[in-house]
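Commentary on secondary and tertiary structure
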Amino acid sequence: QVQLVESGGGLVQPGGSLRLSCVASGSTFGITTMGWYRQAPGKGRELVAQITTGGTTNYVDSVKGRSTISRDIAKNAVYLEMNSLKPEDTAVYYCKAIGPFFSSWGQGTQVTVSS
């Protein structure tokens, strides 16, 4: 099994930035893709960004150009840097790790964008 622990959420003013971190532990050798999802109040969970072992990235349109996902394979970590934050970015952000036979979720970290 893979355990994921997120950190870095909090309250940010509109236009601000933050960096989310997620560290995996356990049976991490099988991880191929790591990503960030978010769930806003009353909405479904959506993919924000993901990155493969080979470095291929994918972003939801609403964060393209102002977010960067990166991965440190040696540290079993994935990061999401978000800039020019908007109130609509407010959500619980979840880390996800995917392997050939499993997928694991973190417990989530709250991001609130408000003045």
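The structure we're discussing is the one just above.
Residues numbered from 1 in each chain as written. Predicted model: local features only at pLDDT ≥ 70, side-chain atom pairs only at ≥ 80, totals over all residues. Heavy atoms only, no water.

1. A few points about the pairing of strand β11 (residues 109–113)
- Burial along β11 is one-sided: the residues Thr109, Val111 and Val113 are buried and none of Gln110 and Thr112 is.
- Where strand β2 (residues 10–12) and β11 come together, three bridges link them in parallel fashion. The residue of β11 that forms the bridge with Leu11 is Thr112.
- By the bridge criterion, three bridges tie strand β9 (residues 91–99) to β11 in an arrangement that is antiparallel. Counted as the bridge partner of Val92 is Gln110 from β11. (Buried < 20%, exposed > 50% of the residue type's maximum accessible area, 1.4 Å probe, protein only. Helix = DSSP H or I, 4+ residues; strand = E, 2+ residues; numbered from the N terminus. Pairing = 2+ DSSP bridges.)

2. Section: the pairing of strand β5 (residues 45–52)
- Looking at chain direction, strand β4 (residues 33–39) and β5 are connected through seven bridges and run antiparallel. Each bridged residue has a counterpart across the sheet, and for Gln39 the counterpart in β5 is Arg45.
- Where β4 folds back onto β5 in an antiparallel hairpin, the turn is made up of five residues, including Gly42, whose phi is positive at roughly 80°.
- Sheet topology places β5 next to strand β6 (residues 57–59); three bridges connect them, and they run antiparallel. Bridging across to β6, Gln50 finds its partner in Asn58.
- Counted between consecutive antiparallel strands, the loop separating β5 from β6 contains four residues, among which Gly55 sits at a positive phi close to 95°.

3. Quick notes on the pattern of salt bridges
- As enumerated under the stated definition, the model contains four salt bridges in all.
- As a salt-bridge pair, Arg38 and Glu46 come within 2.7 Å of each other at their nearest N and O atoms.
- Overall, the relative accessible area of 32% leaves Glu46 in the partly exposed class.
- Ionic contacts of the salt-bridge type, sharing partners, join the residues Arg38, Glu46, Arg66 and Asp89 into one network. (Salt bridge = Lys/Arg side-chain N within 4 Å of Asp/Glu carboxyl O.)

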